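# Chains, contacts and geometry: an overview
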Amino acid sequence: MSRPLNKDYRAADFQQLSQLIRNHPLMKTTPAEQLPMQKLRSPEYRTKCVMRASLDDIAQGINLYKLQLGGDMDRDRDRDKAETVSFAAAARKSAKLAATPFIKVLLRKTPLVVLFERRSMTAEADSEEGRQVLADNERYEQLLAGTDKSRRTVDSETQTISTLLKSRLVNTERLRTDQVASYVSNFEMFDTYKDLEASTKSVQVQGAQKMEVTTYRVGGVDQFVEINKLPSFRLALMLTMRILASNVYEPEQRRFRNMTPPDPLAEDVKFKYRLRLLWRLSAPSPAARARQAVTGVSFCPSNGDIMAVSYGIYTYAKLGKQPGSSPGYVYVWNIKNPVNPERCYNYPVPVVTVQFAPAAPQLLAIGLHNGDVQVRDISQPEDQPPLASSQRSSSPHFEPVTSIKWIQRTDGDVPGEPDMTPFLAASQSGAITKYQLINSPHLLGFQHQYFQRAEAELEGIPLQCPAQRVPLLANRHVQCLELVLDPLQTDFYYVLTDEGTMYKCSTNYPLQHLEQRQVHETPAVCMDFSPWSPKLYLTCGSDWCIRIWLGGILLPLITLHHHLSPVHCARWSRTHSTILVSLSRNTIDIWDLRNSTLKPVSSTTIDAQIDYTTFCFTQCGRSLAVGNEAGNLLMLAFEDMPFPPHFQYRQLKRALFKALALDPDLLQQVKSVGSFNYPGGDKHTAEQ
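Residues numbered from 1 in each chain as written. Predicted model: local features only at pLDDT ≥ 70, side-chain atom pairs only at ≥ 80, totals over all residues. Heavy atoms only, no water.

## Section: the overall build of the protein chain
How we decide: Numbering goes from the N terminus for both helices and strands, where a helix is a DSSP run of H or I of at least four residues and a strand is a run of E of at least two. Working rule for contacts: check all heavy atoms of both residues, and any pair within 4.5 Å makes them a contact. Working definition of accessibility: Shrake-Rupley area with a 1.4 Å probe, residue cover restricted to the visible protein chains.
The number of helices and strands found in the protein chain is 12 helices and 32 strands. In the protein chain, once contacts between residues fewer than 6 apart in sequence are set aside, the share between residues at least 24 apart is 55%. Accessible surface computed for the protein chain: about 42800 Å², of which carbon and sulfur atoms make up 54%.

Printed below as a string of structure tokens:
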């Protein structure tokens, strides 16, 4: 029969354990020994149960108590219930009389006893201490010199317990510098700087900030110029500048790449049609900033981060008396480095237009003010000559080349070179020239069209003042201002002239046009097809109007007129079918056909004193590159724009029908055309 578990059996066990500890021989001391200790102890210390015993003694006493307690339990196993109850009552009574039911152990730190100590007897040989040790060793050897005074020594290896991880040779003394005056004669200075010539130049980093760079010449030759000609150094410099520019323009670059799109579930969504300036691309050349305007912008088809910008003359009042004295530039920019261009091409005449090749994105066609056309490979170093240039025998015109468009090859092209795509170039002389790349430093070109001035009333808008006959033979040819390819039929192209007329031509029928229409009363400067309709296009001109046309209908569907100034450029949005952007003198307007056709939904002015020249959408269509006459290219981002509709063509058709509700006859003609979207309902963006 096991011992019954009572409530206070632990108190009885502690009482017995305390009695055994008090009866232990170590706890028995004489009163004479206790008296000095009692005088040193504080009142708080006397109330505590303190014993001077080791942990081994305490553990041994507890084990002995357990053995004794176990023997007592065996002897009392057969006792009756009354005795058990009486024992428990006595235990509870004795537990109340106990002062401290727990054992408190006080641990003290013993004094440190040094049994053996041997200090290091080594020193570094190069130090002062080491030299003294060597002198003492030599003196000791001298004292022990002789046969009777020699002492036997044995060399043996020892192993230390801890591994030495650091030697004294690693520690170096602190360097001290002092300023000491010295005298140098003129002859010594001449000999020193005979082959050393220093030249300090100031380089403009950004805006008004300048940085001074000191270069040295050895033997009269600037070593930095020679190093800068190395292709490896240029590549390393370009990558370094990209990394440094990302530290400053990292938020703007993320916005350009659309890494932070708007949240469609946000509660505070507002449609403000706002344009935000990301950065400003300024030409590093002082002449390009002061005298040259941005005349053309073209994005690389395969890499949207790369763009080519041409600098030349936009206003003829600034051309001067000597056109040849005004230089031109073509810079290839990368958004990874918005501070400095990665390719720079200089020309003695202004540059009018640039255009990348869709089939070969590394090829860049450049149109100059004197009528010349060049093709460059931007993958090659900028000091390399052009890949091909036009010659006067095939292009005898001296007027500026206003527009260049690359076209697909046809059966009439030169055989044997399937990868070399031809391109068309429009000139202010009224000629359209077709150029072909061949295995030669010259372009193979021939005249494709040569337009005459219109002498009769044309289809389209009626003119208030009919065109007068020009008696001079020198003015009988119109000026070609814009050239646009048809989005579906690649052999068709359209040409806008200074008379406000539009010519429809084909590459298969040279020297004649297929259609002629009057689209503006004054020069027409821009034309763009809708990305969601191959028949819907817009035109803008100097008569302050933007007109929207539909193929097969002679009259314009919608006429947008707001500012009393010429419209320099207008294009359809690449993300919204009902939104278009126009450019006036110093205002960027955003039109939304769903809201209103009387005024734009927003007008943005960044540089009020500087006129804008042209603009171009990025490949994604959510950013805008705008050039001005000061030589700056403004990179703008669309903010607070409405979300693109899921059915773009349906939304566009609904907006056109709403705008034509007050003209039933024209609305009926539009409905008779039927569906005017792309086959299959796909989106198509023509090359800008």
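## A closer look at the pattern of salt bridges
Which entries qualify depends on this criterion: Any carboxyl oxygen of Asp or Glu that lies within 4 Å of a side-chain nitrogen of Lys or Arg is treated as forming a salt bridge with it. Think of it in three bands: residues with accessible area under 20% of the maximum for their type are buried, residues over 50% are exposed, and the middle band is partly exposed, with areas taken using a 1.4 Å probe on protein chains only.
Taken as a whole and judged by the stated rule, the model has 16 salt bridges. The shortest N-O distance in the salt bridge between E499 and R453 comes to 3.3 Å. Of the two residues, E499 sits in the loop between β19 (492-497) and β20 (501-506) while R453 sits in the loop between β16 (444-450) and β17 (459-460), which places them 46 residues apart along the sequence. Among the residues examined, R453 registers a relative accessible area of 23% and is labelled partly exposed. Residues participating in the shared-partner salt-bridge network are R255, R276 and E639.

## A few points about the sheet that holds strand β18 (residues 480-485)
As a reminder, the rule being used: Criterion used throughout: strands pair if DSSP finds at least two bridges between them.
Spatial strand order, β17-β21-β20-β19-β18: 5 strands in an open sheet with mixed pairing. Lying at the two open borders of the sheet, with one neighbouring strand each, are β17 and β18. Here β18 pairs with β19 via 5 bridges, running antiparallel. Its bridge partner being in β19, E482 is matched across the sheet by L496.

## Notes on the pairing of strand β31 (residues 623-628)
Most of β31 sits inside the fold, with 6 of its 6 residues counted as buried. Alternating positions in β31 separate into two faces, S623, A625 and G627 on one and L624, V626 and N628 on the other, with burial throughout. Of the strand pairs in this sheet, strand β30 (residues 612-617) and β31 are connected by 5 bridges, and their pairing is antiparallel. Note on β31: the bridge partner recorded for T614 is G627. Where β31 folds back onto strand β32 (residues 632-639) in an antiparallel hairpin, the turn is made up of 3 residues, including G631, whose phi is positive at roughly 85 degrees.

## Let's talk about the sheet that holds strand β6 (residues 306-312)
Here is the rule we go by: A fitted line through C-alpha atoms represents every axis, and for helices the fit uses only the stretch in contact; the resulting angles, taken between N-to-C directions, go from 0 to 180 degrees.
Within the open sheet, the 4 strands sit side by side as β5-β6-β7-β8. Their pairing is antiparallel. The sheet is open, and its two borders are formed by β5 (293-299) and β8 (343-347), each paired with just one other strand. Strand-to-strand, the axes of this sheet are offset by a mean angle of 15 degrees, without reference to chain direction. Summarising the sheet, β5 and β6 pair through 6 bridges and their orientation is antiparallel.

## Some remarks on unusual backbone geometry
The general pattern is negative phi for most residues beyond glycine and trans for most peptide bonds. Its identity is not glycine, yet N258 carries a phi of approximately 60 degrees, on the positive side. Locating N258 in the fold gives a position in the loop between α9 (231-256) and β4 (274-282). On the accessibility criterion, N258 (23% relative accessible area) is partly exposed. Backbone geometry places W544, a non-glycine residue, at a positive phi of 70 degrees. Along the polypeptide, W544 turns up in the loop between β23 (536-541) and β24 (546-550).

## Here we look at the pairing of strand β7 (residues 328-334)
Most of β7 sits inside the fold, with 7 of its 7 residues counted as buried. Going residue by residue along β7, you find G328, V330, V332 and N334 tucked away on one face and Y329, Y331 and W333 tucked away on the opposite face as well. Judged from the 6 bridges that link them, β6 and β7 form a sheet pairing that is antiparallel. Considered in β7, the bridge of M307 is made with W333. Relative to β8, β7 runs antiparallel, the two being bridged by 5 bridges. Residue pairing across strands places G328 opposite Y347, the latter belonging to β8.

## Notes on the confidence of the model for the protein chain
Heads up, the condition is: What pLDDT conveys is the predictor's confidence in a given residue, as a value from 0 to 100.
Per-residue pLDDT for the protein chain averages 79, and the proportion of residues at 70 or more is 73%. Low pLDDT, under 50, characterises residues 80-91; the predicted model gives this stretch 7 contacts beyond four residues in sequence or across chains. Residue range residues 93-100 is modelled with pLDDT below 50. Its contacts to residues more than four positions away, or to other chains, number 4 contacts.

## Digging into the environment of Y347
The criterion, for reference: Polar contact criterion, stated in full: a pair of N or O atoms within 3.5 Å, where within protein one must be able to donate a hydrogen and the other to accept it, and residues adjacent in sequence count only if both atoms are side-chain atoms.
Tracing the sequence through the fold places Y347 in strand β8. Once the C-alpha coordinates of Y347 and Y311 are considered, the two residues, 36 residues apart in sequence, prove to be 9.9 Å apart. Filtering out sequence-adjacent residues up to four positions away, Y347 remains in contact with P327, G328, V330, I366, L368, Q374 and R376. A distance of 3.0 Å separates a polar atom in the side chain of Y347 from a polar atom in the side chain of Q374.

## Observations regarding the packing of aromatic side chains
Selection rule: Here a Phe, Tyr or Trp ring, Trp counted by its six-membered ring, pairs with any other such ring whose centre lies within 6.5 Å, and the pair is stacked when the planes are under 30 degrees apart, edge-to-face when over 60, and tilted otherwise. For a lysine, the NZ atom is tested; for an arginine, the CZ atom; a charge sits over a ring if that atom is within 6 Å of the ring centre and within 35 degrees of the ring normal.
Scanning the entire structure with this criterion turns up 14 aromatic pairs. Seen from their ring centres, Y331 and W333 are 6.4 Å apart, and the 75 degrees between their planes marks the pair as edge-to-face. Both residues of the pair, Y331 and W333, belong to the buried class. Directly above the ring of F647 sits R650, whose terminal nitrogen or CZ lies 4.2 Å from the centroid. For K671, the ring lying beneath its charged end belongs to F657, and the centroid distance is 5.7 Å.

## Thoughts on the nonpolar core
Worth spelling out the cut-off: As used here, the term nonpolar core means buried Ala, Val, Leu, Ile, Met, Phe, Trp, Tyr and Cys residues forming a set that is joined through side-chain atoms within 4.5 Å.
If you look at the biggest cluster of nonpolar residues, it comprises 43 residues, and the most contacted ones within it are L557, I588 and L624. Residues within four places of L557 in sequence aside, it is in contact with L536, I548, L550, L660, L666 and V670. Ranked by size, the runner-up nonpolar core spans 22 residues in total, among them F299, Y329, C616 and A625.

## Brief notes about the state of the cysteines
The cut-off we apply is this: What counts as a disulfide here is a pair of cysteine sulfur atoms lying within 2.5 Å.
What the rule picks out here adds up to 0 disulfides. With no disulfide of its own, C480 lies 8.6 Å from the sulfur of C505, the closest cysteine sulfur.

## A closer look at the environment of H563
Residue position: H563 is located in the loop between β25 (558-560) and β26 (569-572). A relative accessible area of 21% places H563 in the partly exposed class. Among the polar contacts listed, one links the side chain of H563 to the side chain of D589, at a separation of 2.9 Å.

## Topic: a nonpolar patch on the surface
Worth spelling out the cut-off: Each patch groups residues whose relative accessible area exceeds 30% and which form no salt bridge, using 9 Å between like charges and 5 Å between nonpolar side chains of Val, Leu, Ile, Met, Phe, Trp and Tyr.
On the surface, a cluster of nonpolar side chains totalling about 280 Å² of accessible area is made up of I103, V105 and L107. Inspection of the secondary structure puts I103 in the loop between α5 (81-97) and α6 (128-143). Under the relative-accessibility criterion, I103 is labelled partly exposed at 37%.

## Some remarks on the side chain of T614
Among the structural elements, T614 can be located in strand β30. When its relative accessible area of 14% is taken as the criterion, T614 is described as buried. Excluding anything up to four places from it in sequence, T614 contacts V294, T295, G296, C569, L583, A625, V626 and G627.

## Considering helix α11 (residues 648-659)
Cut-off, in case you're wondering: Helix span is expected to be 1.5 Å times the residue number reduced by one. Read the arc as the range of directions from the helix axis to the C-beta atoms.
The end-to-end C-alpha distance of α11, which contains 12 residues, comes to 17 Å, matching closely the 16 Å that a straight helix rising 1.5 Å per residue would cover. Of the residues making up α11, those classed as buried are Q648, Y649, Q651, L652, A655 and L656. One face of α11 carries all of its buried residues, which in axial projection span an arc of 160 degrees. Turned more than 90 degrees off the buried face of α11, the exposed positions are R654 and K658. Looking at the buried side of α11, the elements it contacts are β23, β25 and β26.

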